[in-house]
Amino acid sequence: MNNGFGMIIELLVAILLMLTIGYCILLNRRLKLLKADEQSLRATISELVTATEIAERAIGGLKLTVHECDMGLGERLRKAERITIEVDRTIAAGKDLLGRLSQIVTAGRGSNEPLAPHNEGKPNDAKAVAAAAEAFAERLRTKVHGLAA
């Protein structure tokens, strides 16, 4: 019986060893897969770090470009405002000059005396000249404000 009992124990140990070897093979396969996943994860992390560095450099370049554009645009706006102010002053001076010229023409003409015809038979009326000058000043003002905007 000793021999039979020893044989059963040896058989049980052999079965347990086979199960252990089978489980070790299974664990080995899983560890290989895990190691392969680790390598691909490391590669992915490396690519992500590289992409992040590239994005940070691009953001820095964009910030610099935005700053330069802001400075250029600000200078252009200041220049446009100066030009607009100068054109408004010129228009006001032109209106003042036109008013004085109208007064001179009216005073020089007399009360109701019509002016002599100008070149090619066109009458030289102060009101017509004033209206034409006003229309020209308005066109100039519209053009300058259109460029400034």
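Note that the coordinates shown come from a computational prediction; the quantities given were computed from them, not determined experimentally.

Undergrad: With reference to specific residues and values, describe the overall build of the protein chain.
TA: Secondary structure summary: the protein chain contains two helices and zero strands in total. The 149 residues of the protein chain split such that 8% are buried.

Undergrad: Talk me through the environment of Thr106; I want residue IDs and the actual numbers.
TA: Mapped onto the elements, Thr106 comes out in helix α1 (residues 2–109). For the pair formed by Thr106 and Ala126, sequence separation is 20 residues and the distance between their alpha carbons is 7.2 Å.

Undergrad: Requested: an account of the side chain of Ser102, with residues and values cited.
TA: Structurally, the position occupied by Ser102 is in helix α1. With a relative accessible area of 18%, Ser102 lands in the buried category. In this view, Ser102 contacts Ala126 and Ala130; residues no more than four positions away in its chain are not counted.

Undergrad: I'd like to hear about the pattern of salt bridges, residue by residue, with values.
TA: Counting across every chain of the model gives five salt bridges. Two residues, Glu75 and Arg78, come together in a salt bridge whose shortest N-O distance is 3.3 Å. Of this pair, Glu75 and Arg78 both sit in helix α1, three residues apart, which is roughly one turn of the helix. Residue classification places Glu75 among the partly exposed positions, given a relative accessible area of 38%. Taking the shortest distance from any N to any O, the salt bridge between Asp96 and Arg100 comes out at 2.4 Å. Here Asp96 pairs with Arg100, and both are found in helix α1, just four residues apart, close to one helical turn.

Undergrad: Give me a nonpolar patch on the surface: which residues, what numbers.
TA: Side chains of Phe5, Ile9, Val13 and Leu17 sit close together on the surface and give an oily, nonpolar patch of about 370 Å² of accessible area. Checked against the element boundaries, Val13 lands in helix α1.

Undergrad: Quick one: what's the story with the confidence of the model for the protein chain, residue by residue and with numbers?
TA: Here the protein chain shows a mean pLDDT of 83. Residues at 70 or above account for 85%. Note that pLDDT drops below 50 for residues 115–122; the model gives that stretch seven contacts with residues more than four away or on any other chain.

Parameters at a glance
Residues numbered from 1 in each chain as written. Predicted model: local features only at pLDDT ≥ 70, side-chain atom pairs only at ≥ 80, totals over all residues. Heavy atoms only, no water. Helix = DSSP H or I, 4+ residues; strand = E, 2+ residues; numbered from the N terminus. Buried < 20%, exposed > 50% of the residue type's maximum accessible area, 1.4 Å probe, protein only. Contact = heavy atoms within 4.5 Å. Salt bridge = Lys/Arg side-chain N within 4 Å of Asp/Glu carboxyl O. Patch = residues over 30% accessible without salt bridge, like charges linked within 9 Å, V, L, I, M, F, W, Y side chains within 5 Å. Areas by Shrake-Rupley, 256 points an atom, 1.4 Å probe, with all protein chains shown as cover. pLDDT = per-residue confidence, 0-100.

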